[in-house]
There are 2 protein chains.
Amino acid sequence: MKGIVDYSRRVRTTPFTPGVESAGVKNYLVYNHMLLPTMFESVEADYRHLKQHVQIWDVAGERQVALKGPDARRQLQLVTPRDCARLDPTRCLYTPICDQHGGMMNDPIALQVDEDEYWLSIAPSPVEAWLYGIAAATGMDVEIWEPDVSPLAIQGPKADQLAARIFGDAVNDLGFFRCGRFEWKGINWLVARSGWSGQGGFEVYVEGAENGMPLWDALMAAGKDLNVRAGCPNAIERIESGLLSYGGDITRNDTPLQAGLGRYVSDNQLDTCWGGRRLKEEREAGSTRMLRPVEIDGVLPAFSESWPLFAGETRVGDVRACQYSPDFATNVAIAMVDRDYWDAGTELETQTVTGRAAVKVRDAFWK
Amino acid sequence: MKGIVDYSRRVRTTPFTPGVESAGVKNYLVYNHMLLPTMFESVEADYRHLKQHVQIWDVAGERQVALKGPDARRQLQLVTPRDCARLDPTRCLYTPICDQHGGMMNDPIALQVDEDEYWLSIAPSPVEAWLYGIAAATGMDVEIWEPDVSPLAIQGPKADQLAARIFGDAVNDLGFFRCGRFEWKGINWLVARSGWSGQGGFEVYVEGAENGMPLWDALMAAGKDLNVRAGCPNAIERIESGLLSYGGDITRNDTPLQAGLGRYVSDNQLDTCWGGRRLKEEREAGSTRMLRPVEIDGVLPAFSESWPLFAGETRVGDVRACQYSPDFATNVAIAMVDRDYWDAGTELETQTVTGRAAVKVRDAFWK
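Source: prediction; values computed, not measured.

Thresholds applied
- Residues numbered from 1 in each chain as written.
- Chains lettered and ligands numbered in written order.
- Predicted model: local features only at pLDDT ≥ 70, side-chain atom pairs only at ≥ 80, totals over all residues.
- Pairing = 2+ DSSP bridges.
- Helix = DSSP H or I, 4+ residues; strand = E, 2+ residues; numbered from the N terminus.
- Contact = placed C-beta atoms within 7 Å.
- Axes fitted to C-alpha atoms, helices over the stretch in contact; angles between N-to-C directions.
- Parallel < 35°, antiparallel > 145°, perpendicular 65-115°, else oblique.
- Left-handed = near helix turned anticlockwise from the far one by under 90°.
- Buried ≥ 20, exposed ≤ 12 C-beta atoms within 10 Å, placed from the backbone.
- Core = buried A, V, L, I, M, F, W, Y, C linked by C-beta atoms within 7 Å.

*Asks:* Describe the sheet that holds strand β5 (residues 64-68) of chain B, listing the residues and the values that go with them.
*Replies:* Residue and element names in this part refer to chain B. What the five strands build is an open sheet, ordered β6-β9-β10-β5-β11; its pairing is antiparallel. Looking at the sheet topology across the chains shown, the edges are occupied by β6 (93-94) and β11 (143-145). Inspection of the sheet shows β6 paired to strand β9 (residues 109-114) by two bridges, in the antiparallel sense. Within the sheet, the bridge partner assigned to Y94 lies in β9 and is I109. Sitting on the sheet, helix α4 (residues 127-138) touches β5, β10 (117-121) and β11, and the angle it makes with β11 is about 165°.

Listed below in structure tokens is the structure:
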């Protein structure tokens, strides 16, 4: 179902909206009160192109929450079970953010942009307001706000080639989840080797809305022979690649351990961080359910909010994302599955709006 | 500018959306991640009808934030400078909610729905997340969540007649900003004499999404001879009536005193509530700026985010809302105006996208 919505103060355009609109965007999500493109030609055509060429994505909806002040790092460490000791200005740290119960409030990439300033690049949830309340209530010396920073992603197998034409060959020396400053047109752009696809590429944290379209246009011009196009996070490719979507696959009702993010939960934080005691107990007892890649047979209706998962007539979880994958010739999906049913190879069923479909738990994502 | 946006998990439909769509809604806002109708026939035709007849409004986007537990009232009183001592289950209390600096986080109506349970009927801002963080950080014994409650408004001069046909004549005995339970079809509906127009009427807090359309349909059927129609908060009428819009007229950068809400700031709370010290200082020193009704001459372009206000070449504030009023044959507007320029009768200018326009400060709103 679709409808006409005013682009207003309550649904914001981005610095790249003129580029996105002239590229013929066909659909948006509202993401952190901002337009996030979700389709250009078609989800399947966009997918095919993403895997072969290079795309420029307006992901400005991944707003930054800035924490600045003497207590900024302490506040960050308070709300993530991941040990942030290694965080420095050259590194992107994927940090599950947890409430007092260990429930996930978000799963941003954390950056250190200055000695006492950090940015969290957030999925959609009101992290800024939540942290703003916590900081005041705990008396931490930290300012919290949403800066004028808009991520632009360069994604696809030719991303290295294209990025080098703007930022120089040195940008290709960045390791995975490393970041640095690269000069172009008199600005030192913050560029990270990251992005919400498994096809490789970069995210540029564009500081100052006025710098958005010049970079967009330059990338489009420089990439003509690489068949560059406007693109967006792709609903099929991200499931194949096992990239989770906070707000869809994961909510406040799930812990990072249940989300399969145990490698980002550091034992040395569990006595001090929010929800740490719960996570420690869960780790010791073993999780009772976990997000798993599953494949689903047959021709399915468009995925809606969630589909219940059954073993016979027993409810054993729910499917949280599902798309038909042309490359793997099956429906690739992500499900929260109860412990007794999560082993690879387990055969289950799901109830869609048009009937039951066979589900098989996999040992890994597709890529 | 308008665009196609998916109605997804991130932009929610309401229990009344089927009614709104079949009534031919022409435009929506996204309000607390939910669709809020903003126009049916035209803003001017909707306005004319609202002032003569009766309308049913889907204002489900005014989500409720529930606070329940032994510390629920204490937490509410901590974040509002309004003394809540009088709050009981028969009363609606308009409560400016403030951060640690006295800045407004929201301006809900507070209801007490049970001995230890309160609902805040919020304008768009992430109050739930903010309070959720504060409660955990301060160790208050309170649960905070968004319940399945969707306000439906009955507004207009014939609202009393229509409401009585469903809820019985006793509903007309409700005083302004009083509420009570009224039985219809086996449910005790929570009905308040309130609403975001100056035309009179009620708001029904519909508990349970499944109860939405039965009530909608019954009101529509019962009001045929009253010329009932689907309507929505009206951009013109609400300015005439001096009803402020949080997120538009007021933001976190404004105190309740600056918003002209001094009568809701209780001296006896300023030593203990968040931002109280700042509000006390501001009250003692006098505010340096305040929201004022202003009228603007001429044929103006559609109002955008804000227009700067000038006295000669001196910037003295900004216009925050402006609509042409057919009934008053002028542009009715709300502006934040610096102290030296806020007296009624002061002549100023504003800079619109098409040029300067003459502005006059008024002593009161229009109605």
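Structure's up, so let's keep going.
*Asks:* How would you explain the packing of helix α5 (residues 159-167) of chain B against helix α6 (residues 212-222) of chain B if you had to name every residue and give the values?
*Replies:* All names here are of chain B. At a closest axis distance of 10 Å, the pairing of α5 and α6 adopts a crossing angle of 120°. Classified by the angle their axes make, α5 and α6 are oblique. The hand of the α5/α6 crossing is right-handed. On α6, the residues touching L162, R165 and I166 of α5 are A218, L219 and A222.

*Asks:* Could you give an account of the pairing of strand β17 (residues 289-296) of chain A, naming the residues involved and the relevant values?
*Replies:* Residues and elements named next belong to chain A. With seven of its eight residues buried, β17 lies for the most part within the structure. In terms of strand pairing, β17 meets strand β20 (residues 330-338) through eight bridges, oriented antiparallel. Within the sheet, the bridge partner assigned to P293 lies in β20 and is I334.

*Asks:* Go over the environment of A:P147 with me, naming the residues and quoting the values.
*Replies:* Residues and elements named next belong to chain A. With respect to the element layout, P147 can be found in the loop between β11 (143-145) and β12 (149-155). Exposure remark for P147: the 16 C-beta atoms within 10 Å place this residue in the partly exposed category. Through-space distance from the C-alpha of P147 to that of P37 is 21 Å; in sequence the pair is 110 residues apart. In contact with P147, not counting residues within four places along its chain, are Q64 and A66.

*Asks:* Let's hear about the nonpolar core: which residues, and what values?
*Replies:* Core analysis: the biggest nonpolar cluster contains 232 residues, and A:L152, A:V191, B:L152 and B:V191 have the highest contact counts within it. If we ignore the near neighbours within four places in the chain, the residues touching B:V191 are B:F167, B:V171, B:C179, B:G180, B:F182, B:F202 and B:V204.

*Asks:* Help me get a handle on the sheet that holds strand β5 (residues 64-68) of chain A, residues and values and all.
*Replies:* All names here are of chain A. Overall, antiparallel pairing links the five strands, which are arranged β6-β9-β10-β5-β11 in an open sheet. Of all the strands in the sheet, just β6 (92-94) and β11 have a single pairing partner and so form its edges. The average undirected angle you get between the axes of adjacent strands in this sheet is 25°. For β5 and strand β10 (residues 117-121), the ladder comprises five bridges, and the chain directions are antiparallel.

*Asks:* Give me the lowdown on helix α3 (residues 72-79) of chain B, citing residues and values where you can.
*Replies:* Of all the positions in α3(B), only B:A72, B:R73, B:L76, B:L78 and B:V79 are classed as buried. Lining the buried residues of α3(B) we find β5, β7 (97-98), β9 and β10 of chain B.

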